[in-house]
Amino acid sequence: MARDVQITFDCADPAALSAFWADALGYLLPDPPGDFISWDQALEAMGVPPERRNDASALEDPQGSGPRLFFQRVPEGKQAKNRVHVDVRAAPGLEGEARMAALEAEAERLVSRGATRLERHEPAPPLGAGHIVMTDPEGNEFCLD
């Protein structure tokens, strides 16, 4: 039986990091519960004090096929290289220079939104299609591929 998957990010600023990943992936914040118009209104009604309202955030794939992303505030900063990372499929169906041009365009777009570009790996047929290694605004590695 296949299971649903949630990917959790430990971070300093859940609202900001979830906004970056929403833009990067086309994901959306889930609607607030019940009849609440906003999450702030819902959290107020739940008795969550203002200083705790950025303790967590979540994103969902609007198509319902991708994993849920969850962002939780932690006191410590990132310590070392990720052992697991997200691969963002930014050039589906493309090969060679067309693929790398699409990856470069997406890398530029994400850098303008706070990402950092680390390195480009050229295509190396037959198995290596080429990719770009980046970090999100809090230093979590991901690849554009």
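First, a word on scope: everything that follows refers to the structure included in this document. What you see as residue numbers is a count from 1 along each chain, following the sequence as written. Only residues with pLDDT of at least 70 get local features here, since the model is predicted, and only at 80 or more are side-chain atom pairs given and counted; chain-wide, interface and lining totals rely on the full set of residues. Water and hydrogen atoms were dropped before computing side-chain values, which therefore reflect all heavy atoms in the structure.

This next bit is on the sheet that holds strand β3 (residues 68–73). Strands were regarded as paired on the criterion that DSSP finds at least two bridges between them. Starting at the N terminus, helices and strands are each numbered in turn, a helix being any DSSP run of H or I of at least four residues and a strand any DSSP run of E of at least two. Sheet architecture is open: three strands sit in the order β1-β3-β2, paired in mixed fashion. In this open sheet, the two edge strands, each paired with only one partner strand, are β1 (6–11) and β2 (56–59). Taking the axes of each pair of neighbouring strands and ignoring which way they run, one obtains an average angle of 15° across the sheet. Taken together, the six bridges between β1 and β3 define a ladder with parallel strand orientation. Along β3, the bridge assignment pairs threonine 8 with phenylalanine 70. Every residue pair with non-hydrogen atoms within 4.5 Å of one another is taken to be in contact. What counts as an axis is a line fitted to C-alpha atoms, over the stretch in contact for a helix, and the angles between N-to-C directions run from 0 to 180 degrees. Helix-sheet contacts for helix α1 (residues 14–25) involve β1, β2 and β3, and the interaxial angle to β3 is about 160°.

Here we take up the layout of surface pockets. Note on definitions: the grid is 1 Å and covers protein atoms alone; a cavity is a set of points where a 1.4 Å probe fits but cannot get out; a pocket is an open set with protein on both sides within 12 Å along at least five of seven lines; lining residues have an atom within 4 Å of a point. Grid points are joined across faces, edges and corners, and a volume is the space filled by probe spheres set on the points. In this structure, the largest pocket encloses a volume near 400 Å³. Every residue lining the largest pocket is counted, 19 residues in all, and those nearest its centre are Thr8, Phe9, Asp10, Asn82 and Asn140. At five residues, β1 tops the list of elements feeding residues into the lining of the largest pocket. Three categories are distinguished: nonpolar for Ala, Val, Leu, Ile, Met, Phe, Trp, Tyr, Cys and Pro, charged for Asp, Glu, Lys and Arg, and polar for the others, with Gly belonging to the last. Its residues placed into classes, the lining of the largest pocket shows nine nonpolar, five polar and five charged. Of the voids in this model, the second largest pocket is the one considered here, and its volume is about 280 Å³. Lining the second largest pocket are 15 residues, and of these Trp39, Leu43, Arg53, Ala56 and Ser57 sit closest to its centre. Looking at the lining of the second largest pocket, the elements with two or more residues in it are α1, α2 (39–45) and β2. Take the lining of the second largest pocket: its biggest share by element is three residues, from β2. Each residue belonging to the lining of the second largest pocket can be placed in one class, and the counts come to eight nonpolar, three polar and four charged.

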